[in-house]
Amino acid sequence: MTSLSRQTAEGKRAIPGTLVFDGDAAQHGYAINAMCYSFNSAENREAFEADEEAYMDRFALTPAQRQSVRDRDVLGMLAAGGNVYYLAKLAGIFGLNVQDLGALQTGVSIDEFKANLLSHAVTETRVASNGRMAA
Amino acid sequence: MSQVCGGIFTSHVPGIGKAIAQNLQQDPYWKPFFDGFDPIHEWLAVEQPDVAVVFYNDHGLNFFLDKMPTFAIGAAPQYRHEDEGWGIAFDRPYEGHPDLSWHIIEQVVASEFDPVTCQSMAVDHAVAVPFELCWPGTNAFPTRLIPIAINTVQHPLPSPKRCHDLGKAVGRAIESWAGDEKVVIFGTGGLSHQLEGERAGHINVDYDKFCLRNLAHDPEALLQHDTLDIVELAGSQGVEILNWIAARGALRGSVRELASNYHVPISNTAAATVLLQNSEKVPA
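The model shown is predicted, which means the values in this text are computed figures rather than measured ones.

### Let's talk about the overall build of chain B
Argument step 1. Counting secondary structure elements, chain B contains 9 helices and 11 strands.
Argument step 2. Taking 284 residues into account, the globule formula puts the C-alpha radius of gyration at 19 Å, and chain B, at 17 Å, falls close to it.
Argument step 3. Each of the three principal axes of chain B carries a C-alpha extent, and together these read 50 × 45 × 40 Å.
Argument step 4. Nonlocal contacts in chain B, meaning residues at least 24 apart in sequence, comprise 83% of its contacts between residues at least 6 apart.

Below, the structure is given as structure tokens:
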């Protein structure tokens, strides 16, 4: 669908409001994503909560990554190479669900964010009349 | 000779797992989604498949960015779900089928695919949630698992055509297996959703309906968009439709839609559940 295509200054495909997590981002974001991956373990989550700075030292986060974590700044974490699948584990420690994250990133209230989702509300169900014909 | 009896396609939102853990299936928010599984429960009770081959994406449980396979095939005797960072781990283990896994690996490599092979593998919500949805309760799962992970996390992702071709190769491999197992194929994830960035909350009902309309009878229509087109259309996590495209490729017979349920929103996601029956083509 080339009619959709836009390009960034680096000649990459640009998608509005969207960071494509590519090799550049994966290199840039390695430390913060590695830290978040460690949060699969409850023990590591507790260690982070006990001393965030020491925990960030362990994973050698970049200054921008550290600041974004201190500020609970999700867009900052993404700009510093964070990937949302890993950041979701950190968000859990902060008690934030994906609606909270959505509201934080789009600058609206939780209620507005949920209302935006509901603006697409639809339920469509089809069931074949002889759905059990496999028998 | 083994037989592919059909395909189950479903969203795998972690919140569904939480709703199951809290027994919210009849809650007004969740009911329209869970009700989509009634025809699937009936169908599974009749078909009683022996093995489920599940195309899914790992979200940072088994794989990290240190080693990120484009395609990975499980060949473990057993798989487990584990804590993914929010404390929920489903207890029931998933029995594997290493002999059939290795047959699939042999055959897809002969078809010039190069998967990573995993004799030890944790599976995340993208496998656990669909299994819980299909076989609720506490009894041991009646169906063995062969997980096939597709990278939908770190670009470049495999192309839709490549995923579809992988699915076809897996379908051929299952058909050529000497055992008489009945196999159901799963494709999990999607439909449109985006968790991150200024476009978080993106949903595209038109694109989702295009996918749902064509999945059974013209799946190749879904191959006209490349992966970045799909990211633009369906959102950065909506690209999980690649798992559906691969799974649909494994249904090589005569395919008929038995049930389809599309419900927006579940969490930040346009949720969908589809059941396709796959029957042997009758020779002319």
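And the narrative resumes.
### Details of the overall build of chain A
Argument step 1. Each helix and strand counted, chain A has 9 helices and 3 strands in total.
Argument step 2. Here the C-alpha radius of gyration of chain A, 20 Å, is well above what a compact globule of 135 residues would show, namely 14 Å.
Argument step 3. Within chain A, buried positions represent 32% of all 135 residues.
Argument step 4. Put simply, 53% of the contacts in chain A that link residues at least 6 apart link residues at least 24 apart.

### Let's talk about helix α5 (residues 63–70) of chain A
Residue and element names in this part refer to chain A.
Argument step 1. All buried positions along α5 are accounted for by Q65, S68 and V69. Across the axial projection of α5, the buried residues extend over an arc of 100°, all falling on one side. Away from its buried face by more than 90 degrees, α5 exposes P63 and R70.
Argument step 2. Looking at the buried positions of α5, the neighbouring elements they touch are α2 (30–38), α4 (52–58) and α6 (74–79).
Argument step 3. Immediately beyond the C-terminal end of α5, within one or two residues, lies R72, with a positive phi of roughly 55°.

### So, the interface of chain B and chain A
Argument step 1. Across the boundary between the two partners, chain B contributes 50 residues, which contact 49 residues of chain A.
Argument step 2. Contributing elements (two or more residues each) for the side of chain B that touches chain A: α3 (38–47), α8 (227–234), β10 (254–266) and β11 (269–279) of chain B.
Argument step 3. Among the elements that line the side of chain B that touches chain A, the one with the most residues is β10(B), at 9 residues.
Argument step 4. By residue class, the composition of the side of chain B that touches chain A is 21 nonpolar, 18 polar and 11 charged.

### Here's the deal with the nonpolar core
Argument step 1. By size, the foremost hydrophobic cluster in this structure holds 122 residues, and its most contacted members are B:V53, B:V54, B:I104, B:V170, B:I185 and B:I241.
Argument step 2. Ignoring any residue separated from it by four or fewer positions in sequence, one finds B:I104 in contact with B:I73, B:I146, B:V170, B:A173 and B:I174.

### Looking at the sheet that holds strand β8 (residues 144–150) of chain B
Argument step 1. Sheet architecture is open: 9 strands sit in the order β3(A)-β10(B)-β11(B)-β1(B)-β9(B)-β2(B)-β8(B)-β3(B)-β6(B), paired in mixed fashion. With partners counted over all chains shown, the strands left at the sheet margins are β3 (122–127) of chain A together with β6 (116–118) of chain B, one partner each. Strand-to-strand twist across the sheet, computed as the mean angle between neighbouring axes with direction ignored, equals 15°.
Argument step 2. Across 5 bridges, strand β1 (residues 3–10) of chain B lies against β11(B) in antiparallel orientation. The residue bridging B:T10 from the neighbouring strand is B:T273, located in β11(B).
Argument step 3. Sheet strands in contact with helix α7 (residues 205–214) of chain B are β3 of chain A together with β10 and β11 of chain B, and its direction is about 10° off that of β11(B).

### Things to note about helix α4 (residues 98–110) of chain B
All names here are of chain B.
Argument step 1. Here α4 spans 18 Å end to end across 13 residues, near enough to the 18 Å set by a 1.5 Å rise per residue.
Argument step 2. Taken residue by residue, α4 has L100, S101, H103, I104, I105 and V108 as its buried positions.
Argument step 3. Among the structural elements, β2 (51–56), β3 (71–74), β6, β8 and α6 (160–175) are those in contact with the buried residues of α4.
Argument step 4. Backbone geometry just after α4 places E112 at a positive phi near 75°.

### Considerations on the environment of B:V231
Argument step 1. Assignment of secondary structure puts B:V231 in helix α8.
Argument step 2. Along the backbone, B:V231 and B:S192 are 39 residues apart, and their C-alpha atoms lie at a distance of 9.0 Å.

### Observations concerning the environment of B:V183
Residue and element names in this part refer to chain B.
Argument step 1. On the secondary structure map, V183 appears in strand β9 (residues 182–188).
Argument step 2. Classification of V183 by C-beta neighbours within 10 Å gives buried; the count is 27.
Argument step 3. Note: C-alpha distance between V183 and V53 (130 residues apart in sequence) is 7.2 Å.

### What to know about unusual backbone geometry
All names here are of chain B.
Argument step 1. In this model, H155 is joined to P156 through a cis peptide bond whose omega is 5°.
Argument step 2. Among the structural elements, P156 can be located in the loop between β8 and α6.
Argument step 3. The peptide bond linking V264 to P265 adopts the cis configuration, its omega dihedral lying at -10°.
Argument step 4. With respect to the helices and strands, the residue P265 is situated in strand β10.
Argument step 5. Backbone geometry places N23, a non-glycine residue, at a positive phi of 60°.
Argument step 6. On the basis of neighbour counts, which here come to 8 C-beta atoms within 10 Å, the residue N23 falls in the exposed class.
Argument step 7. Although it is not a glycine, Q48 adopts a positive phi angle of roughly 45°.

Definitions and limits used
- Residues numbered from 1 in each chain as written.
- Chains lettered and ligands numbered in written order.
- Predicted model: local features only at pLDDT ≥ 70, side-chain atom pairs only at ≥ 80, totals over all residues.
- Helix = DSSP H or I, 4+ residues; strand = E, 2+ residues; numbered from the N terminus.
- Rg over C-alpha atoms; globule rule 2.2 N^0.38 Å.
- Contact = placed C-beta atoms within 7 Å.
- Buried ≥ 20, exposed ≤ 12 C-beta atoms within 10 Å, placed from the backbone.
- Arc of directions from axis to C-beta.
- Nonpolar A, V, L, I, M, F, W, Y, C, P; charged D, E, K, R; others polar.
- Core = buried A, V, L, I, M, F, W, Y, C linked by C-beta atoms within 7 Å.
- Pairing = 2+ DSSP bridges.
- Axes fitted to C-alpha atoms, helices over the stretch in contact; angles between N-to-C directions.
- Expected span 1.5 Å × (residues − 1).

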